[in-house]
Amino acid sequence: MRGAEGDARTDDGGTRLGGLNPRRPLAVVGRFLPGKNDPAAALRVAAGLFLPLATVALLGRLDLAIFANFAAFTGIYGRGEPHRVRLVAQARAGLLMVAVIFTAELLARLNPDGAPSPWAIVVGTTFVAWLCSLIVAWWRLRPAGSLFYIFAFAAVSSLPHQPPLGDVVMVVASTFVLCLAIGLAARVLLSHRTPLGWREIRAAGRVRLGGAERRVLWLESIGYLVAPAIAGAAATAVGEALGFGHNYWAMVAAVVPLVGHSTRHRVNRGLQRVLGTVVGLALLAGIAALRPAPWIMVLLITACQFGAEMLITRQYFLAMVCVTPLALLSTLLAAHTDPGALLHDRFIDTAIGAVVGVLVVLAPSAYRHWAARRAGVRS
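Conventions used here
- Residues numbered from 1 in each chain as written.
- Predicted model: local features only at pLDDT ≥ 70, side-chain atom pairs only at ≥ 80, totals over all residues.
- Heavy atoms only, no water.
- Helix = DSSP H or I, 4+ residues; strand = E, 2+ residues; numbered from the N terminus.
- Buried < 20%, exposed > 50% of the residue type's maximum accessible area, 1.4 Å probe, protein only.
- Contact = heavy atoms within 4.5 Å.
- Lys, Arg positive; Asp, Glu negative; His and termini not counted.
- Salt bridge = Lys/Arg side-chain N within 4 Å of Asp/Glu carboxyl O.
- Polar contact = N/O pair within 3.5 Å; in protein donor to acceptor, adjacent residues only side chain to side chain.
- Patch = residues over 30% accessible without salt bridge, like charges linked within 9 Å, V, L, I, M, F, W, Y side chains within 5 Å.
- Areas by Shrake-Rupley, 256 points an atom, 1.4 Å probe, with all protein chains shown as cover.
- Axes fitted to C-alpha atoms, helices over the stretch in contact; angles between N-to-C directions.
- Parallel < 35°, antiparallel > 145°, perpendicular 65-115°, else oblique.
- Left-handed = near helix turned anticlockwise from the far one by under 90°.
- Core = buried A, V, L, I, M, F, W, Y, C linked by side-chain atoms within 4.5 Å.
- Phe/Tyr/Trp six-rings, centres within 6.5 Å; stacked < 30°, edge-to-face > 60°.
- Lys NZ or Arg CZ within 6 Å of the ring centre and 35° of its normal.
- pLDDT = per-residue confidence, 0-100.

J.: I keep staring at the environment of Leu-284 and nothing clicks. Help me out?
T.: Residue position: Leu-284 is located in helix α13 (residues 263–289). In this structure Leu-284 comes out as buried when scored by relative accessible area, which is 2%. Linking Leu-284 and Leu-329, residues 45 residues apart in sequence, is a C-alpha distance of 8.0 Å. When near neighbours in sequence (up to four residues on either side) are disregarded, Leu-284 contacts Pro-325, Leu-328, Leu-329 and Leu-343.

J.: I keep staring at the side chain of Arg-86 and nothing clicks. Help me out?
T.: Turning to its location among the elements, Arg-86 is positioned in helix α6 (residues 83–110). Here Arg-86 sits buried without a salt bridge, and the closest side chain of opposite charge, Glu-81, lies 7.8 Å off (N-O distance). A polar contact of 3.2 Å, which involves the side chain of Arg-86, links it to the backbone oxygen of Gly-78. When neighbours within four sequence positions are excluded, Arg-86 is seen to be in contact with Arg-44, Tyr-77, Gly-78, Gly-80, Glu-81 and Gly-183.

J.: So what exactly am I meant to see when it comes to a nonpolar patch on the surface here?
T.: On the surface, Leu-219, Ile-222, Leu-225, Val-226 and Ile-230 cluster together into a nonpolar patch covering about 430 Å² of accessible area. Here Leu-225 lies in helix α11 (residues 211–242). The partly exposed category is assigned to Leu-225, whose relative accessible area is 37%.

J.: Explain the packing of α6 against helix α7 (residues 118–139) to me, please; I cannot follow it from the model alone.
T.: One can describe the packing of α6 onto α7 by two numbers: an axis separation of 11 Å at closest approach and a directional angle of 165 degrees. Of the possible angle classes, the one that applies to α6 and α7 is roughly antiparallel. You can see that α6 and α7 cross each other, and the crossing is right-handed. Listed contacts from α7 to Arg-92, Leu-96 and Val-100 of α6 are Val-128, Cys-132, Ile-135, Val-136 and Trp-139.

J.: What exactly am I supposed to notice about the nonpolar core here?
T.: Within soluble globular proteins, side chains that are nonpolar tend to cluster in buried spots. Of all hydrophobic cores here, the largest spans 90 residues; its most connected members are Phe-67, Phe-70, Met-97, Tyr-149 and Phe-151. A total of 11 residues in this core trace back to one element, the largest contributor, which is helix α15 (residues 316–334). Contact partners of Phe-70, with chain neighbours within four places excluded, come to Met-97, Ile-101, Phe-151, Ala-152, Ala-155 and Val-156. Core analysis: the next-biggest nonpolar cluster, separate from the first, contains five residues, Leu-87, Phe-176, Leu-180 and Ile-201 among them.

J.: Could you clarify how one ought to interpret unusual backbone geometry in this entry?
T.: Comment: phi is negative for the bulk of residues other than glycine, and the bulk of peptide bonds are trans. A cis amide bond, omega 10 degrees, links Arg-142 with the succeeding residue Pro-143. In this structure, Pro-143 sits in the loop between α7 and α8 (147–157). Even without glycine at this site, Arg-140 takes up a positive phi of about 55 degrees. Checked against the element boundaries, Arg-140 lands in the loop between α7 and α8. On the basis of relative accessible area, Arg-140 is assigned to the partly exposed category, the value being 34%.

J.: What's the story with the packing of aromatic side chains in this structure? I'm lost.
T.: Aromatic rings considered in pairs are described by the distance between their centres and by the relative angle of their planes. As enumerated under the stated definition, the model contains eight aromatic pairs in all. With 6.4 Å between their ring centres and 75 degrees between their planes, Tyr-77 and Phe-148 make a pair best called edge-to-face. Here Phe-148 lies in helix α8 and Tyr-77 lies in the loop between α5 (65–71) and α6, a separation of 71 residues in the sequence. Neither residue differs from the other here; Tyr-77 and Phe-148 are each classed as buried. Where Trp-130 meets Trp-218, the ring centres are 6.4 Å apart and the plane angle is 50 degrees; that geometry is what we call tilted. With Trp-130 in helix α7 and Trp-218 in helix α11, this residue pair connects regions lying 88 residues apart in the sequence. Grouping aromatic residues by their ring pairs yields a cluster made of Phe-70, Phe-73, Tyr-77, Phe-148, Phe-151, Tyr-248 and Trp-249. In this structure, Arg-346 is placed above the aromatic ring of Trp-249, and the distance from its NZ or CZ to the ring centre is 5.3 Å.

J.: Would you take a moment to explain the environment of Leu-53 for this structure?
T.: You can see Leu-53 is positioned in helix α4 (residues 38–58). Separated by 280 residues in sequence, Leu-53 and Leu-333 place their C-alpha atoms 9.8 Å apart. If we ignore the near neighbours within four places in the chain, the residues touching Leu-53 are Ala-65, Ala-68, Val-298 and Ile-301.

J.: I would appreciate a short explanation of α8 in the present structure.
T.: Because an α-helix packs 3.6 residues into every turn, residues spaced three or four apart end up facing the same way. Of all the 11 residues making up α8, 11 are buried; the element is thus mostly covered by neighbouring parts of the structure. Those residues of α8 lying buried are Leu-147, Phe-148, Tyr-149, Ile-150, Phe-151, Ala-152, Phe-153, Ala-154, Ala-155, Val-156 and Ser-157. The inward-facing, buried residues of α8 contact α5, α6, α7, α12 (248–255), α13 and α15.

J.: Honestly, the confidence of the model for the chain in this entry has me stumped. Any pointers?
T.: Should pLDDT be low for a region, the predicted coordinates there are not to be read in detail. Confidence along the chain averages 82 in pLDDT terms, with 86% of residues attaining 70 or more. Mean pLDDT across the elements of the chain bottoms out in helix α1 (residues 2–5) (35) and peaks in helix α9 (residues 165–183) (95). Confidence over residues 1–30 falls short of pLDDT 50; this stretch has 63 contacts with residues more than four positions distant or in other chains.

Structure (structure tokens):
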């Protein structure tokens, strides 16, 4: 598990569980305090998001905001790593994100009626979830899993009106390059410089997986086929019956429990996803009631991104409180959508996805217990 998933105690985007003594009164408090490198990482990610969003807002092209938002996910990789490792990780993760965005663009533009059908989005997003989980694990990227790529592919392919392709290329490419530059910005300080020659970059890019690691990689990828497919199908069927959309939010929520160092940790992540979403939706309802101007929304999105990065390695629940308004404000910024409908859809889809993800995580243990009991009865 260590080779395919890394040390999930610190790198999977969940709560750090190690090093806490429950008998110490301040042990729990420590889980809420930012780590040594968290402020710098949060500032990098927030800057990589704010500058592109501010630019498209200044140009009056809010239809491009969603593309800048997803391309800015480049900056979340290589957290706390030396510059050579961060550069390689961000280049790989960012190029994979660019490929996912333009694949979604192609799917949407090939559909003569606008956005593909919800079922086509489920099929395409499930394939992206599986393939990207393999690539991310093979490259040992952190955060692990394919959550960000699922979100980007489904959201972009679901857009009913696509901006001109040249504009999309410009925004995505420039945001990607900007995030790489921000990731290296600390090198202006002599005290922060680490070796960054071609030899060091090549060494940082070498990944060797053993046979056991490769087997785990392929086994883990099965969850990224099963969970999104079931969650997407369930959300689509329920949505068509009850009249709501955004089925891909269920698919995003379904893969959250798939990352973690133990079954208990993974189940906790799924539960925290739901609880954090509920609190985040209440926060968003208050923001939406004020009807903020686009510039205020850009600032709020940046603040939410900063907060999420400050909390993500310490308290997943609180990070989700920030992520929920971040995701929905980005949608409201790019498209004129009823906030009430978004709140409704987000809660139902997240609940469906989290339940499916937790069941997929529990299924192997349940099967082993059943098989052991059956073997015991026979003997």
